[in-house]
Amino acid sequence: MARVALVTGGSRGIGAAISKALQADGCTVAATYAGNDEAAAKFTEETGIKTYKWNVGDYESSAAGIAKVEEELGPIDIVVANAGITRDAPFHKMTPQQWHEVIDTNLTGVFNTIHPIWPGMRERKFGRIVVISSINGQKGQFAQVNYAATKAGDLGIVKSLAQEGARAGITANAICPGYIATEMVMAVPEKVRESIIGQIPAGRLGEPEEIARCVSFLASDDAGFINGSTISANGAQFFV
Ligand code: CAA
């Protein structure tokens, strides 16, 4: 039977590429989004992938949304915690609100996405969890104290879950994309973006599909012994 996959932030950017890749792998995919109804409707129309709207930062909404997905599509076998935001500012200008918004979505949002699905995975003795972290969780980044803290925290989540889920057939891994050609990176001022590209030995931004292929692999049955790992996909910009 087709595996059911949930991709948060799955209708745009890296998430959209992941949703499509998992669909091509034969999964039944549910993609969540937070606010852009128009983009979600267009995505569903183009791909046939169902979209669901909720705020990953809110536990009750996540639990209710996940229950609806499972009712409509079946138990979730694969979860890709991809939804993420930036609120960049140098630390001396960063507001508590910018801190909390990023923590709520990128870190608490990962907890809220996995926690309601976890008991079912344990019972069924199968699960694939992939968390989309970032190069900036590995190396830190000017103007991203909030974002880097969450992306480093995401790595702690997968390393701990890997140990807890291993005997129940559940794997938890992270991908650390470098700078990928998405709206998030395109929102960085052009001059800054050019200087970032100059720091990437590959000499280019990555493509969303290059991250999606990593997810496909980690979500596959073949990747059962890879657990608690981080795949860096950054064009040689940074080595751990
Ligand atoms: N390293 C060192 N100094 C830097 C810097 C850097 N990377 N970026 C900016 N600065 C310096 C500037 O040169 C400037 O210095 P001066 O005052 O001496 O001229 C100063 O910092 C900027 O000060 P401003 O008061 O002008 O800053 P601002 O309040 O306008 O903020 C900014 C500007 C938000 C930092 C903007 O430059 C920016 O967005 N930078 C990009 C940050 C970034 O890389 N974000 C990653 C987004 S992509 C992503 O997150 C996806 C992923 O996972 C990879």
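Residues numbered from 1 in each chain as written. Predicted model: local features only at pLDDT ≥ 70, side-chain atom pairs only at ≥ 80, totals over all residues. Heavy atoms only, no water.

Considering the overall build of the chain
Consideration 1: Along its length, the chain carries 10 helices and 7 strands.
Consideration 2: In terms of overall size, the chain behaves like a compact globule, its C-alpha atoms giving a radius of gyration of 17 Å where 240 residues would be expected to give roughly 18 Å.
Consideration 3: Buried residues in the chain amount to 48% of all 240 residues.
Consideration 4: Within the chain, contacts between residues at least 6 apart in sequence are counted, and of these 69% link residues at least 24 apart.
Consideration 5: As displayed, the chain has an accessible area near 11400 Å², and 54% of this comes from carbon and sulfur atoms.
Consideration 6: Charged side chains in the chain number 21 positive and 25 negative. The centres of these two groups are separated by 4 Å. (Helix = DSSP H or I, 4+ residues; strand = E, 2+ residues; numbered from the N terminus. Rg over C-alpha atoms; globule rule 2.2 N^0.38 Å. Buried < 20%, exposed > 50% of the residue type's maximum accessible area, 1.4 Å probe, protein only. Contact = heavy atoms within 4.5 Å. Areas by Shrake-Rupley, 256 points an atom, 1.4 Å probe, with all protein chains shown as cover. Lys, Arg positive; Asp, Glu negative; His and termini not counted. Charge placed at Lys NZ, Arg CZ, Asp CG, Glu CD.)

Comments concerning helix α2 (residues 37-47)
Consideration 1: Buried within α2 we find Ala 40, Phe 43 and Thr 47. On an axial view of α2, the arc spanned by its buried residues comes to 60°, and they lie on one face. For α2, the exposed residues lying more than 90 degrees away from the buried face are Glu 38, Lys 42, Glu 45 and Glu 46.
Consideration 2: If you follow the buried residues of α2, they end up packed against α1 (13-24), β2 (28-33) and β3 (50-53).
Consideration 3: Positive phi appears at Gly 48, one or two residues downstream of α2, with a value of about 80°. (Arc of directions from axis to C-beta.)

Regarding the pattern of salt bridges
Consideration 1: Taken as a whole and judged by the stated rule, the model has 8 salt bridges.
Consideration 2: Note that Glu 183 and Arg 12 form a salt bridge whose closest N and O atoms lie 2.8 Å from each other. One end of the pair, Glu 183, is in helix α8 (residues 183-186); the other, Arg 12, is in the loop between β1 (4-7) and α1, and 171 residues separate them in sequence.
Consideration 3: For Glu 183, a relative accessible area of 58% gives the class exposed.
Consideration 4: Taking relative accessible area as the criterion, Arg 12 reaches 39% and is therefore assigned partly exposed.
Consideration 5: Between Glu 210 and Arg 204 there is a salt bridge whose closest N-O contact spans 2.9 Å.
Consideration 6: Residue classification places Arg 204 among the partly exposed positions, given a relative accessible area of 42%. (Salt bridge = Lys/Arg side-chain N within 4 Å of Asp/Glu carboxyl O.)

Here we look at the packing of aromatic side chains
Consideration 1: A complete count under the given rule lists 1 aromatic pair for this structure.
Consideration 2: A centroid spacing of 6.1 Å and a plane angle of 40° characterise the contact between Tyr 59 and Phe 111, whose relative ring orientation is tilted. Taken together, the positions of Tyr 59 in helix α3 (residues 59-73) and Phe 111 in helix α4 (residues 96-114) put the pair 52 residues apart, joining distant regions of the chain.
Consideration 3: In this structure, Arg 3 packs its charged tip against the face of Phe 126, placed 3.7 Å from the ring centre. (Phe/Tyr/Trp six-rings, centres within 6.5 Å; stacked < 30°, edge-to-face > 60°. Lys NZ or Arg CZ within 6 Å of the ring centre and 35° of its normal.)

On their own, these measurements won't tell you what the molecule is for.
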